[in-house]
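Residue-level listing of the chains:
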Amino acid sequence: MKPKCQRLLVILGAFSALGLATFFILTSLRDNLVFFYTPSELQQKYIHREQRIRVGGLVKPRSVVRDGEIVRFSITDQKNNLEVMYDGLLPDLFREGQGIVAEGYLQDPTFFRAEIVLAKHDETYMPKEVADRLKRE
């Protein structure tokens, strides 16, 4: 085989390997993406029960109900509410009227089962996505 043909085969093989690696990386990333929604956005979208998502908003006043380690509360974006159930210890900064982000699975358009709850850090902090969405609405 001529050197020109050998170089062409090596280049084609390298591009094929690069394309295959890119395909596997993108497939892996797609499976690990976690999307962020507000309660109002969840009313308008269909989310499959097995899709892991993040929801954010303010903890609705007088909505926190504790039963041992199981905590139920509502989050709001000032238009719609979403009931959240969390089994575990909440962050120390969690309280009514504060911004939170919860990660887990939507059971139906009005009920969310959280696996992780993140509370805001101080009096002026709110996750950028939550602040942006609250400003738009």
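Parameters at a glance
Residues numbered from 1 in each chain as written. Predicted model: local features only at pLDDT ≥ 70, side-chain atom pairs only at ≥ 80, totals over all residues. Heavy atoms only, no water. Core = buried A, V, L, I, M, F, W, Y, C linked by side-chain atoms within 4.5 Å. Buried < 20%, exposed > 50% of the residue type's maximum accessible area, 1.4 Å probe, protein only. Helix = DSSP H or I, 4+ residues; strand = E, 2+ residues; numbered from the N terminus. Contact = heavy atoms within 4.5 Å.

A. Layout of the nonpolar core. Among the nonpolar cores identified, the biggest contains 20 residues, and Leu42, Ile53, Val55, Phe73, Ile100, Phe112 and Val117 are the most heavily contacted of them. At the level of elements, β2 (52–59), β4 (70–76), β5 (81–87), β6 (99–108) and β7 (111–119) are the ones that each hand at least two residues to this core. For valine 55, the contacting residues outside a window of four places in its chain are Phe36, Tyr37, Leu42, Ile75, Leu82, Ile100, Val101, Ala102 and Phe112.

B. Broad picture of unusual backbone geometry. Positive phi outside glycine occurs at arginine 62, with the angle close to 60°. Tracing the backbone through its elements, the reader meets arginine 62 in the loop between β2 and β3 (65–67). Take arginine 62: its relative accessible area is 77%, and that puts it in the exposed class. A positive phi angle, close to 75°, is found at glutamine 78, a residue other than glycine. With respect to the helices, strands and loops of the structure, glutamine 78 is situated in the loop between β4 and β5.

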